[in-house]
Amino acid sequence: MSKPVVLIAEELSPATVEALGPDFDVVNVDGTDRPALLQALATADAILVRSATKVDAEAIAAAPKLKVIARAGVGLDNVDIKSATEAGVMVVNAPTSNIISAAELTVGHILSLARHIPAAHEALAQGQWKRSKYTGVELYEKTLGIIGLGRIGALITARLQAFGVNVVAYDPYVTSARAQQLGVTLLPLDELLAQSDFVTIHMPKTPETTGMISDAQLALMKPTAFIVNVARGGLIDEDALYRALSTKVIAGAGLDVFVSEPPKNLDLLALDNVIVTPHLGASTDEAQEKAGVSVAKSVRLALSGELVPDAVNVAGGVIEPSVRPGIALIEKIGQLFAGLATSSLTSVDVIVRGEIAEFDVSVLKLAALKGIFTNVVSESVSYVNAPLLAEQRGVTVRLITDRVSEEYRNILTLSGAFSDGTQLSVSGTLTGTKQIEKIVEINGYDVEVPFAEHLLVMIYDDRPGIVAVYGKEFGDAHINIAGMQIARTTAGGKALSVLTIDSPAPDELLERLRVAISADVLTEIDITE
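*Asks:* Tell me about the sheet that holds strand 3 (residues 46-49), and please be specific about residues and values.
*Replies:* With parallel pairing, the five strands of this open sheet are ordered in space as 2-1-3-4-5. The open sheet has two free edges, formed respectively by strand 2 (25-28) and strand 5 (90-92), since each of these has just one partner strand. On average, each strand axis in the sheet is inclined to that of its neighbour by 20°, with strand direction left out of account. Of the pairings in the sheet, the one linking strand 1 (residues 5-8) to strand 2 comprises four bridges and is parallel in character. Its bridge partner lying in strand 2, Val-5 is registered against Asp-25.

*Asks:* Hey, could you go over the nonpolar core for me, with residue numbers and the actual values?
*Replies:* Most often, soluble globular proteins have nonpolar side chains that are buried together. Ranked by internal contacts, the top residues of the largest apolar core, which has 74 residues, are Met-90, Leu-336 and Leu-364. With eight residues, the top contributor of residues to this core is helix 15 (residues 362-374). Filtering out sequence-adjacent residues up to four positions away, Leu-364 remains in contact with Val-323, Gly-326, Ile-327, Ile-330, Val-350, Val-352, Ile-356 and Leu-412.

*Asks:* Account for helix 13 (residues 285-303), with residues named and values stated.
*Replies:* Residues spaced three or four apart along an α-helix point in a common direction, a consequence of the helix completing one turn every 3.6 residues. Compared with the 27 Å implied by 1.5 Å per residue over 19 residues, the 27 Å span of helix 13 between its first and last C-alpha is a close match. Turning to helix 13, its buried residues are Ala-287, Gln-288, Ala-291, Gly-292, Val-295, Ala-296, Ser-298, Val-299, Ala-302 and Leu-303. One side of helix 13 carries all its buried residues, which in axial view fall inside an arc of 165°. What points out from helix 13, more than 90 degrees from its buried face, is the exposed set Asp-285, Glu-286 and Lys-297. Buried-residue contacts for helix 13 involve strand 1, helix 1 (14-20), strand 3, strand 4 (68-71), strand 5 and helix 5 (99-115). One or two residues past the end of helix 13 sits Gly-305, with phi positive at roughly 85°.

*Asks:* Talk me through helix 2 (residues 34-41); I want residue IDs and the actual numbers.
*Replies:* Three or more residues of helix 2 are buried, namely Leu-37, Ala-40 and Leu-41. Projected onto a plane normal to the axis of helix 2, the buried residues spread over an arc of 100° and lie on a single side. Exposed residues on helix 2 whose side chains face more than 90 degrees from its buried face are Pro-35 and Gln-39. Looking at the buried side of helix 2, the elements it contacts are strand 1, strand 3 and helix 3 (57-61).

*Asks:* Please give an account of a nonpolar patch on the surface that cites residues and values.
*Replies:* Residues Val-467, Met-484 and Ile-486 make up a contiguous nonpolar surface patch of roughly 230 Å² in combined accessible area. Mapped onto the secondary structure, Ile-486 falls in strand 20 (residues 481-488).

*Asks:* How would you summarise the packing of aromatic side chains if you had to cite specific residues and measurements?
*Replies:* Considering all chains together, one arrives at two aromatic pairs under this definition. Each ring, one from Phe-198 and one from Phe-226, has its centre 5.3 Å from the other, and the planes form 15°; the classification is stacked. Taken together, the positions of Phe-198 in strand 9 (residues 198-201) and Phe-226 in strand 10 (residues 226-229) put the pair 28 residues apart, joining distant regions of the chain. Assessed through its relative accessible area of 9%, Phe-226 is described here as buried. For the pair Phe-337 and Phe-418, a centre-to-centre distance of 5.6 Å together with 35° between the ring planes defines the contact as tilted. Remark: Phe-418 occurs in strand 15 (residues 410-418) and Phe-337 occurs in helix 14 (residues 325-339); sequence separation between them is 81 residues. On the basis of relative accessibility, which here comes to 1%, the residue Phe-337 falls in the buried class. Seen from the ring of Tyr-383, Lys-370 lies directly overhead, with NZ or CZ sitting 5.2 Å from the centre.

*Asks:* How would you sum up a negative patch on the surface? Please name residues and give values.
*Replies:* Where like charges cluster on the molecular surface, the negative patch consists of Glu-18, Glu-104, Asp-285, Glu-286 and Glu-289. At three residues, helix 13 tops the list of elements feeding residues into the negative patch. Mapped onto the elements of the fold, Glu-289 is located in helix 13. On the basis of relative accessible area, Glu-289 is assigned to the partly exposed category, the value being 41%.

*Asks:* Kindly report on unusual backbone geometry, identifying the contributing residues and their values.
*Replies:* Of all residues except glycine, most have a negative phi; of all peptide bonds, most are trans. Following Glu-261, the chain continues into Pro-262 via a peptide bond in cis, with omega recorded as 0°. Position of Pro-262 among the secondary structure elements: in the loop between strand 11 (252-255) and helix 12 (266-270). Residues other than glycine seldom take positive phi values, yet Glu-141 does so here, at roughly 65°. Mapped onto the elements of the fold, Glu-141 is located in the loop between helix 6 (117-125) and strand 6 (143-147). Judged by its relative accessible area of 59%, Glu-141 falls in the exposed class. At His-478, a position not held by glycine, the phi torsion is positive, near 60°. Position of His-478 relative to the elements: it lies in the loop between helix 17 (466-476) and strand 20. The exposure class of His-478 is exposed, given its relative accessible area of 74%.

*Asks:* A description of the pairing of strand 10 should follow, citing residues and the corresponding values.
*Replies:* Of the two faces of strand 10, the one lined by Phe-226 and Val-228 and the one lined by Ile-227 and Asn-229 are each fully buried. Pairing analysis gives four bridges linking strand 9 to strand 10, with the strands arranged parallel. Pairing of Phe-198 across the sheet is with Phe-226, part of strand 10. Bridge count for strand 10 against strand 11 is four bridges, and the pairing is parallel.

*Asks:* Break down the packing of helix 5 against helix 7 (residues 151-161) for me, with residues and values.
*Replies:* It is the contact of helix 5 with helix 7, at a shortest axis distance of 9 Å, that shows an interaxial angle of 50°. It follows that helix 5 is oblique to helix 7 by the angle criterion. Judged by the sense of rotation from one axis to the other, the crossing of helix 5 with helix 7 is right-handed. Each of Ile-99, Ile-100, Ala-102, Ala-103, Glu-104, Thr-106, Val-107 and Ile-110 in helix 5 lies in contact with helix 7, whose residues at this interface are Arg-151, Ile-152, Leu-155, Ile-156, Arg-159 and Leu-160. Grouping the constituent residues of the contact of helix 5 with helix 7 by class yields 10 nonpolar, one polar and three charged.

Calculation rules
- Per chain, the residues get numbers from 1 upward, laid out in the order the sequence is written.
- This being a predicted model, a pLDDT of at least 70 is required before a residue's local features are given, and a value of 80 or more before pairs of side-chain atoms are given or counted; all residues contribute to the totals for chains, interfaces and linings.
- Values reported for side chains reflect all heavy atoms of the structure, with hydrogen atoms and water molecules removed beforehand.
- Note on pairing: two strands pair once DSSP finds at least 2 bridges between them.
- A run of H or I in DSSP becomes a helix once it reaches four residues, and a run of E becomes a strand once it reaches two; helices and strands are each numbered from the N terminus.
- Here the axes come from fitting lines to C-alpha atoms, over the contacting stretch only for helices, and the angles between their N-to-C directions go from 0 to 180 degrees.
- Throughout this description, the term nonpolar core refers to a set of buried Ala, Val, Leu, Ile, Met, Phe, Trp, Tyr and Cys residues connected via side-chain atoms within 4.5 Å.
- Exposed residues in this analysis have more than 50% of their type's maximum accessible area, buried residues have under 20%, and partly exposed residues fall in between, with area computed by a 1.4 Å probe over protein chains only.
- Note on contacts: a residue pair qualifies if any of its non-hydrogen atoms lie within 4.5 Å across the two residues.
- Multiply 1.5 Å by the residue count of a helix minus one, and that product is the helix's expected span.
- By construction, the arc corresponds to the directions joining the helix axis to the C-beta atoms.
- Note that patches include only residues with greater than 30% relative accessible area and no salt bridge, and the join distances are 9 Å for like charges and 5 Å for nonpolar side chains (Val, Leu, Ile, Met, Phe, Trp, Tyr).
- Here the Shrake-Rupley method, with its probe set to 1.4 Å, supplies the accessible areas, and only the displayed protein chains count as covering residues.
- Any Lys or Arg side-chain nitrogen located within 4 Å of an Asp or Glu carboxyl oxygen qualifies as a salt bridge.
- Pairing of aromatic side chains requires ring centres within 6.5 Å, counting the rings of Phe and Tyr and the six-membered ring of Trp. Pairs whose planes differ by under 30 degrees are stacked, by over 60 edge-to-face, and all others tilted.
- In this analysis the charged atom, NZ for Lys or CZ for Arg, is taken to sit over a ring once it is within 6 Å of the ring centre and within 35 degrees of the ring normal.
- For this count, His and the chain ends are skipped, Lys and Arg are scored as positive, and Asp and Glu as negative.
- All charge positions are set by atom: Lys at NZ, Arg at CZ, Asp at CG, Glu at CD.
- Orientation categories follow fixed angle ranges, with anything under 35 degrees roughly parallel, anything over 145 roughly antiparallel, 65 to 115 roughly perpendicular, and all other angles oblique.
- Helix crossings fall into two classes, left-handed where the near helix is turned counterclockwise from the far one by less than a right angle and right-handed where it is turned clockwise.
- When residues are sorted by character, Ala, Val, Leu, Ile, Met, Phe, Trp, Tyr, Cys and Pro go into the nonpolar class, Asp, Glu, Lys and Arg into the charged class, and all the rest, Gly among them, into the polar class.

What follows is the structure, given as structure tokens:
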């Protein structure tokens, strides 16, 4: 079999290719060469990019085999996440790869603003000795205002507290307990701006945060204050910032990111009280290596069919090790459930009982939906687009957990309703030290049958001789019965047989069996890995 193709569209560290390992065909292409990119995508199973390559709807449509888009960095402005989700393509990034580099660059901007380091260097390099012109300020006992007290904000806090700086923060999602742990005082945004000598922004770029610092906010700041943005371009209104800097409303600004990159507001860059760098937040050897290695590992997981916990378009979260074995099990239960359906699904409950119910088991809902739709729809189904497929078909999905499981340590059940008014339930569990995947219930009938590639489920009137009938039919067709179990509610009532067979049964054989035993249900389900 040919190896999966991993397309590397931009220069990445050698450690990235090393982390991918020998199991893939690695192909390099210039992601900014659009025709070459689209041509290469035709055979790609994965693509690794940085910020220059645009992976938009057109690119995704050109890649019928694509399973994962990996951004070796944090921002995803160059990836069409909506189109990727609709196509079932996982999008991953490296959210923690550059946090130290970004925090250190922020500190560098603050120190440069406080001590006029770039301007003093430029003057001296031109032979001008201007000590008095570049008198600066100490950081000691100044107030630093951090807008967005996430991972980078916390790193900056730790570094600048060593300078004797008082740190205040605005972040509506941070608890007072977390702020107290960091030694930070939480304030409303207006108060933070009014009190701070230095302000640094570390917020995601959203419609709500774009332009969050504009004329009104800058007017609240001290005339001696400085503002720094190493996060996302557009969080500060650049026109408003130009007005504030050129009229000395504030003392200065440090910018690493811009609305357009390269920046087009050249008047802003020309001011003598602004320090600029060309988006260097992640531009360290260490950050680039961490980003590449991180997404390479995610690509390996994605191409092996596993869920990547930090994929940006999969609501899976971190997967507890004890929950992991249930992912493959619930997918198989989903395939069996769908194979037994008699009409279109209208609602389904994913029920998790037992010890694992104390953990986050939301990934099992994703896996169940992936299993249900795998052999039902024509498009490729993944953890990414399975919830979207359910939503498009009007299927109501609930996740129900219960820490009590009376018969098994853990048991997973799918219970659903269909458009013809029928109900169906299928349950499974993992047994023994080898964690064997077994079916333990179908519509109220108790069984214990290991999953197999080919399953046959029959429901018929319980009477003597039925086993002989289908045993002969399969024997005459040279199809081996690998396992079998029969369950019934009452003697002489309805009986359910579950058979595992070594090869698929032809349709004509199944039809003969249906007539011969007067089966209410006779369905073969092929379980795919």
